[in-house]
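Residues per chain are reported as follows:
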Amino acid sequence: MTEPIAKRKENLKWIGKPVTRKDGVGKVTGETKFFSDMIFPNMLWAKTVRSKYPHARIRKIDTTKAEALPGVVAVLTYKDIPGLNASGIIVPDQPVLCHDKVRYLGDSVAVIAAESLETAEVAADLVEVDYEPLPVVSDPTKAMDVDSPRIHEKGNIQRHATIRVGDVERAFGEASVIVENTFRTGRQMHMFLEPEAGIGMLDEHGNIVLYVGGQSPYRDQMQVSRALGIRPEQIRVISTPVGGAFGGKEENTVQIHLALLAMKTKRPVKMVWTREESGVAGMKRHPMIVTMKTAANETGEIIANKVHIIADTGAYASLGPTVLDVAMENSCGPYRVPNIDIEAYLVYTNNGVAGAFRGFGAPQVNFAMETNLDSIAEKLGVDRLEIRKKNALREGDIGPFGNKILGSIGIYETLLKAENCEIWKNREKSKVTSSAPWCKRGVGVAAAVKGFGFGALPDFAAASMQITPTGKFVVGVSCPEIGQGAVTAYAQIAAETLHCDIGDVYIASADSQLAPDTGTSSASMALVRGGNAILAAAPRMLELILETAAKITGKPTDDLVLKESCVGSRRDGKKSVTYAEIAQYLHKTGSETRVVAGFNVPRVEKPVEGSIEIPHWSYMYASAVALVEVNTLTGGIKVLKFFLSPDSGKIINPQSYTGQCEGAIVQGLGFALTEETQIDNGVIKTNNFTTYIIPTISDVPEIEIDPVETYEKIGPFGAKGLGEIGIIPVGSAIANAIYDATGIRVFTLPATPERVYTGLKRGDGSQDER
Amino acid sequence: MLVKVKIFGAPSLALESRELTLELGEDATAGDLLSSVTVKDKDYLYIVREGIRLTPSSRLRDGDEILLIPPIAGG
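Since the model is a prediction, treat every value here as computed from it, not as a measurement.

1. Topic: the overall build of chain B
- Along the backbone of chain B there are one helix and five strands.
- Tracing chain B from N to C terminus, the helices and strands come up as β-β-α-β-β-β.
- In chain B, which comprises 75 residues, the share counted as buried stands at 35%.

Next comes the structure, spelled out in structure tokens:
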């Protein structure tokens, strides 16, 4: 059997090359049709009836008037759900349609299908729901009180976790410096350009077909199957194209409602959430309150970290339990910390729903650790970058959880890159320059870490390969392209391993009928999952090709050698048979033309006590440097330059890599400076682009990306994940730059002008609490 | 045939896998295996062999190592 070339590092034709994005032209020219653009014949429009209260008991639901409206085809309530009335991949605690209680304004009470969107909207207003309002729980700290009104029967604390290694109290007693602060972070919205949307219908066999942009067709299939009480095989989910996801489309959004309506009406049904609806009902980043006490010895070595985290998950758990794990795992940064004491709570409130969001709990705690480390450096008179280098994890080190880190570690090298970047080298010069006398400039540095994949949780991925009658390849990978360049990277890996032109590879992605289960496009793992699955399938396809070539030519397989889209002879050096000839032979003889293979994702078998998925097998790393200017009259912040050095292993496609990093930095700017969903007593106040401010092109600084390419042995061609690491240090680097400019510490993100101005006025950095 | 099975619990409950070896008939399927084990919410467990999800009708092979995994997602 021919071995794959996944371990090869040189003479690669496609890997490491800036191959043009397969999905690029369609998206930039507007030719790509998203599901929210599509219209099917005889299609109905759907609308969700949402709760009128953030917290209320439902006494009665009356759909009579809505059903009587001409043009209304179906009005469904909880009574129409044949299976489990719940969604949530890991913790199914969110009703598909509420029957006795609503827990936030986004809760669904009924869904309507009508001949027109306008009719569906009118009908939604005609559904009469008799509510008994309940006290609203909006403060996560008060929600934890035993006498707080209960949002769920089991209480408001969804998860309480503690992890202890070593003896922090003893270490605090021996410390030269201790810094303790409390940090707050905002409820960031994903604000993808395409809100939650899709179309559901039945095929000619009566099976359900869902066209819904999402992050995993198979997880959607499972949730729909569970709610409708039918076999997964009866549901086909097509999850691509996706108009942005960032974690916000990992859970069920419109899928189950569309499946229910398609089953009921037997017609195509389309649902597109409005921007406001997306704001009210969609996922958010978990706001966190992090109290961190960090100690170091006289040389700046971190000797202890005590962390207390309260994460507001809103009305339902979603992926909050594992977000909490990632927050705990990242709370000590990419550093050696021998003594840790982490206590974390995931708390229900009536504040929307929080779930997966790029970084998955890491940016929040990174802000705390990186700020404390800056303070320690200052107190000890140590350089801010030197203290990070001193504590940075190195190959072979034991991590904060007592585990030996198995993957490649490039954090030290990224810090060296940061040390040599122009912003850092010119930091003193930058400080004496500004655009106006009342503006001050400063430079901040931060380092970050995050595991890719699901850590100690079991995970797997498979891919298929089929040779077409013309000798080209259809490669099935179910991880959706969500803007990260995954499909192009898959094609590069397939072309490299199959010895063919990249134009001869078609990636059948994100379709549960066309591709086996490759898992989710999440956890910065789509490249590693899909890439390794392709690498598992390729030897089987090559074996098929060689065996067929042997049959055609009559030569033994050990005389045959793979060349560019053909098989040659070792002895005479001539081309023997082309892939097209092999394909024709296979198709003519009715032979199998498709192979499927997979792999179990390497993991640490036993999680750390108190955790779900800590530790990960391998981690991504990054160092960041920001140059900011603070307007001391308004508190306004302008990020002028930003440097990022990620260690995401070997780079498969430099163009996609740069795009991922730049996108992460800009999304991080929003987390750092402007993005915060305001919720007042359970009512969202900022649910569209006019009130919820995301960075625009005028806010984007000059960006420099300078990667460190360590070789990760469990990744395809040495690659790791990339999607999340870039965002994690952004807020921290900017906050530290604000301090460098003004002497005012930032303890709350986003660092809005109001907060910075208040800090400047008070002179002590304190800011109004939200 | 002898089949090795690793059963994983709901992630929020028990992470350590339970391992057992089952003796099944020569024509046993993944569905037969599932019927032979006591596990919660088995209808939604993923039956995985060498990284590939099996359907209930998939034929098992002597010496297979099968993972029973609850649906997991994350970041």
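2. Here's the deal with the sheet that holds strand E19 (residues 460-467) of chain A
All names here are of chain A.
- The four strands lie next to each other as E21-E20-E19-E25, forming an open sheet whose pairing is mixed. Looking at which strands have only one partner, the edges of the open sheet turn out to be strand E21 (505-509) and strand E25 (594-600). Recorded for the sheet is a direction-independent mean angle of 20 degrees between the axes of neighbouring strands.
- Of the strand pairs in this sheet, E19 and E25 are connected by seven bridges, and their pairing is antiparallel. The partner of Gln-466 across the bridge, within E25, is Arg-594.

3. Considering the environment of A:Tyr739
All names here are of chain A.
- Within the secondary structure, Tyr-739 is located in helix H19 (residues 730-742).
- Taking the C-alpha atoms as reference, Tyr-739 lies 33 Å from Ser-656; in sequence the two are 83 residues apart.
- Once residues lying within four places of it in the same chain are set aside, the contact partners of Tyr-739 are Asp-374, Gly-442, Ile-744, Arg-745 and Val-746.

4. Structural notes on the interface of chain A and chain B
- Every contact between the two is made by 39 residues of chain A and, on the other side, 19 residues of chain B.
- It is E25(A) that provides the largest number of residues to the side of chain A that touches chain B, a total of four residues.
- Broken down by class, the residue content of the side of chain A that touches chain B amounts to 24 nonpolar, seven polar and eight charged.

5. Quick look at the pairing of strand E1 (residues 44-50) of chain A
Residues and elements named next belong to chain A.
- Buried residues dominate E1, accounting for six of its seven residues.
- Here E1 pairs with strand E12 (residues 269-272) via two bridges, running parallel. The residue bridging Trp-45 from the neighbouring strand is Lys-270, located in E12.
- Note that E1 and strand E5 (residues 108-114) share six bridges and pair antiparallel. Within E5, the residue paired with Ala-46 across the bridge is Ala-113.

6. Comments concerning unusual backbone geometry
- Here A:Ile614 and A:Pro615 are connected by a cis peptide whose omega angle stands at 5 degrees.
- Here A:Pro615 lies in the loop between E25 and strand E26 (619-631).
- Going from A:Leu749 to A:Pro750, the amide bond is cis rather than trans, its omega being 5 degrees.
- Take A:Pro750: it is sitting in the loop between H19 and helix H20 (753-762).
- Of note in this structure, A:Asn42 is not a glycine but carries a positive phi near 65 degrees.
- Looking at the element boundaries, A:Asn42 is found in the loop between helix H1 (24-29) and E1.
- Of note, B:Glu50 is a non-glycine position whose phi angle comes to about 50 degrees, a positive value.
- Among the structural elements, B:Glu50 can be located in the loop between strand E3 (46-49) and strand E4 (52-54).

7. Digging into the packing of helix H15 (residues 486-498) of chain A against helix H16 (residues 526-553) of chain A
Residue and element names in this part refer to chain A.
- In contact at an axis separation of 9 Å, H15 and H16 are set at 25 degrees when each is read in the N-to-C sense. Regarding the angle of H15 to H16, the classification is roughly parallel. In this structure, H15 crosses over H16, and the sense of that crossing is right-handed. Here Ala-486, Ala-489, Tyr-490, Ile-493, Ala-494, Thr-497 and Leu-498 of H15 lie close against H16, whose contacting residues are Ala-526, Leu-527, Gly-530, Gly-531, Ile-534, Leu-535, Ala-538, Met-541 and Leu-542.

8. Notes on the sheet that holds E5(A)
Residue and element names in this part refer to chain A.
- Across the sheet, which stays open at both edges, the seven strands sit in the order E3-E5-E1-E12-E9-E10-E11 with mixed pairing between neighbours. Two strands in the sheet have a free side with no partner beyond their single neighbour: strand E3 (72-76) and strand E11 (235-238). Neighbour to neighbour, the strand axes of the sheet diverge by 20 degrees on average, direction disregarded.
- Sheet contacts for helix H6 (residues 217-228): strand E10 (208-212) and E11; angle to E11, the most-contacted strand, approximately 145 degrees.

9. Side note on the domain arrangement of chain A
Residues and elements named next belong to chain A.
- By the assigned domains, chain A splits into domain 1 (24-32 + 460-600), domain 2 (35-134 + 196-272) and domain 3 (284-393 + 406-455 + 607-762).
- Taking the mean C-alpha position of each, domain 2 and domain 3 sit 36 Å from one another.
- Every contact between the two is made by 16 residues of domain 2 and, on the other side, 18 residues of domain 3.
- Residues of the side of domain 2 that touches domain 3, tallied by class, amount to six nonpolar, six polar and four charged.

Conventions and cut-offs
Residues numbered from 1 in each chain as written. Chains lettered and ligands numbered in written order. Predicted model: local features only at pLDDT ≥ 70, side-chain atom pairs only at ≥ 80, totals over all residues. Helix = DSSP H or I, 4+ residues; strand = E, 2+ residues; numbered from the N terminus. Buried ≥ 20, exposed ≤ 12 C-beta atoms within 10 Å, placed from the backbone. Pairing = 2+ DSSP bridges. Axes fitted to C-alpha atoms, helices over the stretch in contact; angles between N-to-C directions. Contact = placed C-beta atoms within 7 Å. Nonpolar A, V, L, I, M, F, W, Y, C, P; charged D, E, K, R; others polar. Parallel < 35°, antiparallel > 145°, perpendicular 65-115°, else oblique. Left-handed = near helix turned anticlockwise from the far one by under 90°. Domains from an automatic or database assignment.

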